[in-house]
Amino acid sequence: MLKFNAVVLTTTNLCNLRCRHCFPSSGPSKEEMYRYGSNKSMSPQQAEVYVRQIPQLKNVEKLLHLAGGESTLFKNEFKAIISLGKKYGLRVSMVTNCSWAKSQEEADNFVEDWAQHGMMSVQMSVSKFHQEQLPIGHVIRAIRACKKFGVLVIVRPIIIKSYIAADILKGIPTDVLDGVRIATSKCQAVGRARVQVSEDDFFYDDLAYLGCHHALNLTIRQDGSVYPCCAGSDITDSLCLGNADKEPLADIITRAELDPLLNILVFQGTRYLAEILRDYKGIDFTKKRYTNICELCNDMFLDNNIARELRLAVMEHLRKKEAEQLSFQPA
């Protein structure tokens, strides 16, 4: 059975920053805003259709997470969606670049309002790329406001070789960081980072045979499209599980659980899947360098033609396995 740690609502791809590392390639232009759907932002009415289903989903944790783009740019819609979590008994969290914390008073007002509507934790993205466009003072003010109103703070440094977490965090006073959770992530060569970050600046991994079943988040974009995670599957066409505007989430999840390709991806891992593609179709992703399994996953599924070949390879692989099992059965 698939298990999801949260339901992530990617409410918009609009962002007031255009960071060089951004994997969904968010930004302030119309092209960037409408990259993943014809509506610029998820409406509260649209979101309620999804959120009211969550309490009945047995394999989904009761956590609602709001992401973007920068979802706080649609202030009224954002508050209304936060309130949906409270209405349906869900914990609510968000991720933000903290651009709303222009002064301490503004930061306090924003966070106090969110806390009253049900916001429980705030993840703050920090990196060389964010701070090229936004002074670290915004993050400092945002942290202080969250502490003041009892909202859990998670600071998420995105690191590269030339700018590690210590470089990012040294701009934040020690007393401000006291009690703050730090969750470091490596920059991935996905989306805008593929072309705007030097390939020598990434931290690469030797990819193990590692599944991602422990890290799934049922992700719904602003056009209703549903994905198994928010770490790169959600910017592909081929890993879309369905559309929550057209059918219930329970039906989408049930169909996903019966998909042999998705099961191999989630439980046996992207390296195993890449080897199936190599062995059956001669398309080899295993020679490339990757920062993590998410980047490899995105690389294989971003091209719809490659994704089709991968699905065919999986079916051939499973037929061969079945034939081998039958050949070993006693007469």
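Starting from 1, residues in each chain are numbered consecutively following that chain's sequence as written. The model is predicted, so local features are restricted to residues of pLDDT at least 70 and side-chain atom pairs to those at 80 or more, both for listing and for counting; the totals for chains, interfaces and linings are taken over all residues. For side-chain calculations, the full set of non-hydrogen atoms in the structure is used, while hydrogens and water are omitted.

1. Brief notes about the pairing of strand β3 (residues 91-96)
Remark: exposure states derive from per-residue accessible area (1.4 Å probe, protein chains only) relative to the maximum for the residue type, with buried under 20%, exposed over 50%, and partly exposed in between. Helix and strand definitions follow DSSP, with helices as H or I runs of at least four residues and strands as E runs of at least two, each counted in order from the N terminus. Within β3, 5 of the 6 residues are buried, which leaves the element mostly enclosed by the surrounding structure. Convention used here: a crossover is right-handed provided that the path from the first strand, over the helix, to the second strand proceeds clockwise when the strands point away from the viewer. Taken together, strand β2 (residues 63-67), helix α3 (residues 75-87) and β3 form a β-α-β motif whose crossover is right-handed. Two strands pair under a simple rule: DSSP has to find at least two bridges between them. The pairing of β3 with strand β4 (residues 119-127) spans 5 bridges and is parallel. Bridge assignment links M94 to a residue of β4, and that residue is V122. Where the polypeptide runs from β3 across helix α4 (residues 104-117) and back to β4, its parallel neighbour, the crossover connection is right-handed.

2. Some points on the state of the cysteines
Cysteine sulfur pairs qualify as disulfides if the two atoms are within 2.5 Å. Enumeration according to the criterion identifies 0 disulfides in this entry. Unpaired in terms of disulfides, C240 finds its nearest cysteine sulfur in C229, a separation of 12 Å. The thiol of C297 is not disulfide-bonded; the next cysteine sulfur, from C229, is found 6.3 Å away. On the basis of relative accessible area, C297 is assigned to the buried category, the value being 11%.

3. Examining the side chain of S93
Along the polypeptide, S93 turns up in strand β3. Overall, S93 belongs to the buried group, its relative accessible area being 5%. Separated by 2.6 Å, the side chains of S93 and H65 make a polar contact. With sequence-adjacent residues up to four places away left out, S93 is seen in contact with L63, L64, H65, L66, M119 and S121. Definition of a polar contact: a pair of N or O atoms within 3.5 Å, with one able to donate and the other able to accept a hydrogen when the atoms are protein atoms, and with sequence-neighbouring residues admitted only if both atoms are side-chain atoms. In this analysis, two residues are considered to be in contact whenever any of their non-hydrogen atoms come within 4.5 Å of each other.

4. Points about unusual backbone geometry
For the bond running from G68 to G69, omega is 25°, close enough to zero to count as cis. Even without glycine at this site, S25 takes up a positive phi of about 55°. With respect to the helices, strands and loops of the structure, S25 is situated in the loop between β1 (7-10) and α1 (30-33). Phi at C98 takes a positive value of approximately 70°, unusual for a residue other than glycine. Within the secondary structure, C98 is located in the loop between β3 and α4.

5. Digging into the packing of helix α2 (residues 44-51) against α3
The geometry of α2 relative to α3 is characterised by a closest axis approach of 9 Å and an angle of 25° between their N-to-C directions. The angle between α2 and α3 places the two elements in the roughly parallel class. For the pair α2 and α3, the sense of crossing is right-handed. Contact residues: P44, A47, E48 and V51 in α2; E77, A80, I81, L84 and K87 in α3. Throughout this entry, Asp, Glu, Lys and Arg are counted as charged residues, while Ala, Val, Leu, Ile, Met, Phe, Trp, Tyr, Cys and Pro are counted as nonpolar. The remaining residues, Gly among them, count as polar. Partitioned by chemical class, the residues of the contact of α2 with α3 number 6 nonpolar, no polar and 3 charged. Note on geometry: axes are lines fitted to C-alpha atoms, helical ones only across the stretch in contact, with angles between N-to-C directions running from 0 to 180 degrees. In this scheme, roughly parallel covers angles under 35 degrees and roughly antiparallel covers those over 145, while 65 to 115 is roughly perpendicular and the rest are oblique. When the near helix sits turned anticlockwise from the far one by under a right angle, the crossing is termed left-handed; a clockwise turn instead gives a right-handed crossing.

6. What about empty space enclosed by the protein?
To find leftover empty space, one rolls a probe the size of a water molecule over the atoms. The method works on a 1 Å grid over the protein atoms by themselves. A cavity is a set of points holding a 1.4 Å probe that cannot get out, a pocket is an open set with protein on both sides within 12 Å along at least five of seven lines, and residues with an atom within 4 Å of a point line them. Grid points are joined across faces, edges and corners, and a volume is the space filled by probe spheres set on the points. Evaluated as defined, the whole model comprises 1 cavity of 30 Å³ or more. By volume, the largest cavity amounts to about 40 Å³. Forming the boundary of the largest cavity are T11, S41, M42, L66, S71, F74, E77, F78 and I81. Of all the elements, α3 adds the most residues to the lining of the largest cavity, at 3 residues.

7. Overview of the environment of E132
Position of E132 among the secondary structure elements: in the loop between α5 (128-131) and α6 (137-148). Residues E132 and C19 lie 113 residues apart in sequence; the distance between their C-alpha atoms is 8.1 Å. A polar contact of 2.6 Å, which involves the side chain of E132, links it to the side chain of R20.

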